[in-house]
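A look at the structure
Read off the chains here:
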Amino acid sequence: MITIRLEKTQDHRTVEEITKLAFSYPERVERSKIGCCLEHYMVHSLREVDGINDLSFVAEIQGKIVGHIIYSNAYIQKPNGTKVNVLNFGPLSVHPQYQKQGLGTALMKHSIEIAKSLGYGAILFFGRPEYYPRFGFVEAKEFNITDCNGYNYPAFMAMELKKGYLKGVSGKFIESPIYNDDLNREQAKAFDENFGELFYIAAHSVETNGVVNT
Ligand SMILES: CC(C)(COP(=O)(O)OP(=O)(O)OC[C@H]1O[C@@H](n2cnc3c(N)ncnc32)[C@H](O)[C@@H]1OP(=O)(O)O)[C@@H](O)C(=O)NCCC(=O)NCCS
């Protein structure tokens, strides 16, 4: 059974390990140019800057953490200089041996509902256009919102949490600088060099049938 709950302080290291494991696929590591992904560093840094603790959730199976999502504060810069606050999210991570079993979906659905209940107006983010439309995301260009450089493409998506929140809000989407690889390579590499073994992953060997053994 999948349980989704708020991340606690004592989960931080485990969550960073799950994140590193989930994003250590060859294309991501190659694109990073530092020999590892940056996402475990992002999660770590978002806890200090721009991340939202009330929207940081873990997914558990039989009491063991196997997935995580965190949201962050972002905004749309309108041409007249005013800002409209929105949510961004990521990294979203599921332990590779637990992918395609509904954990990502459960994390998305739960977090969207809580974000709505907390009064947030909209979510914008960059992600896989094959995956996120099922949760209600559409291309951001439908709301006349571009990325910070003025571009649109399928991976740039948006969803209103309050109906009409993005109506008439055309402008540029500005996300936390923590997501920018170019700004964070050095710090992420240093963070990774001190990260050490994936102790949690190693200590909880995972069977392919989805049972976590302690
Ligand atoms: C993307 C991710 C979070 C999805 O979580 P998940 O628990 O595997 O997904 P679910 O079981 O809820 O959903 C499975 C569906 O998502 C699709 N899916 C899963 N990973 C996908 C991916 N990388 N690209 C496209 N579709 C993907 C599956 O094909 C499946 O589609 P179907 O329902 O039409 O068969 C997970 O694969 C992951 O952690 N990937 C590595 C990190 C990553 O890429 N994070 C997201 C960055 S945008």
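Residues numbered from 1 in each chain as written. Predicted model: local features only at pLDDT ≥ 70, side-chain atom pairs only at ≥ 80, totals over all residues. Heavy atoms only, no water.

1. Here's the deal with the UniProt feature "domain: N-acetyltransferase" (unreviewed entry) in the chain
Here the UniProt feature "domain: N-acetyltransferase" (unreviewed entry) sits at residues 2-162. Annotated as 26% helix and 35% strand, the span residues 2-162 places its first and last C-alpha atoms 28 Å apart. (UniProt positions renumbered as here; feature names shortened; annotations may be inferred. Helix = DSSP H or I, 4+ residues; strand = E, 2+ residues; numbered from the N terminus.)

2. Section: the environment of Leu-92
Along the chain, Leu-92 turns up in strand β4 (residues 83-94). In the structure, Leu-92 is positioned 62 residues away from Glu-30 in sequence and 19 Å away in space, judged by C-alpha atoms. Sequence-distant contacts of Leu-92, defined by excluding residues within four places in its chain, comprise Phe-23, His-68, Ile-69, Leu-107, Met-108, Tyr-131 and Tyr-132. (Contact = heavy atoms within 4.5 Å.)

3. Let's talk about the layout of surface pockets
Quantified by volume, the largest pocket comes out at close to 1,600 Å³. For the lining of the largest pocket, the secondary-structure elements that each account for two or more residues are α1 (12-23), α2 (26-32), α3 (39-46), β4, α4 (103-117), β5 (122-126), β9 (171-174) and α5 (181-193). By residue number, the principal contributor to the lining of the largest pocket is β4, which donates seven residues. By residue class, the composition of the lining of the largest pocket is 22 nonpolar, twelve polar and twelve charged. (1 Å grid on protein atoms, 1.4 Å probe; cavity = no way out; pocket = protein on both sides within 12 Å on 5 of 7 lines; lining within 4 Å. Points joined across faces, edges and corners; volume = space filled by probe spheres on them. Nonpolar A, V, L, I, M, F, W, Y, C, P; charged D, E, K, R; others polar.)

4. Side note on the pairing of β4
For β4, a buried count of ten out of twelve residues is recorded, marking the element as mostly surrounded by other parts of the structure. Two strands pair when backbone bridges link them, and strand β3 (residues 64-77) and β4 are joined in this way by ten bridges, in the antiparallel orientation. Within β4, the position partnered with His-68 by the bridge is Ser-93. Connecting the antiparallel pair β3 and β4 is a turn made up of five residues, with Gly-81 showing a positive phi of about 95 degrees. (Buried < 20%, exposed > 50% of the residue type's maximum accessible area, 1.4 Å probe, protein only. Pairing = 2+ DSSP bridges.)

5. Brief notes about the site of the ligand
The local shell around the ligand holds 19 residues, among which Val-94, Lys-100, Gly-102, Gly-104 and Thr-105 are the closest. Between the ligand and Val-94 there is a distance of 2.8 Å, counted from an oxygen atom to a backbone nitrogen or oxygen. The contact in question runs from a nitrogen atom of the ligand to an N or O atom on the side chain of Arg-128, over 3.1 Å. Surface burial for the ligand is 73%, taken as the share of its 860 Å² of free accessible area covered by protein chains. The site holding the ligand turns out to be the largest pocket. Those elements that provide at least two residues to the shell around the ligand are α1, β4 and α4. (Near = heavy atom within 4 Å. Polar contact = N/O pair within 3.5 Å; in protein donor to acceptor, adjacent residues only side chain to side chain. Areas by Shrake-Rupley, 256 points an atom, 1.4 Å probe, with all protein chains shown as cover. Sits in = over half its atoms within 2 Å of the grid points.)

6. Here's the deal with the pairing of β5
In terms of residue burial, β5 counts as a mostly covered element, since four of its five residues are buried. Alignment of β5 against strand β8 (residues 156-160), held across five bridges, turns out to be antiparallel. Its bridge partner lying in β8, Ala-122 is registered against Glu-160.

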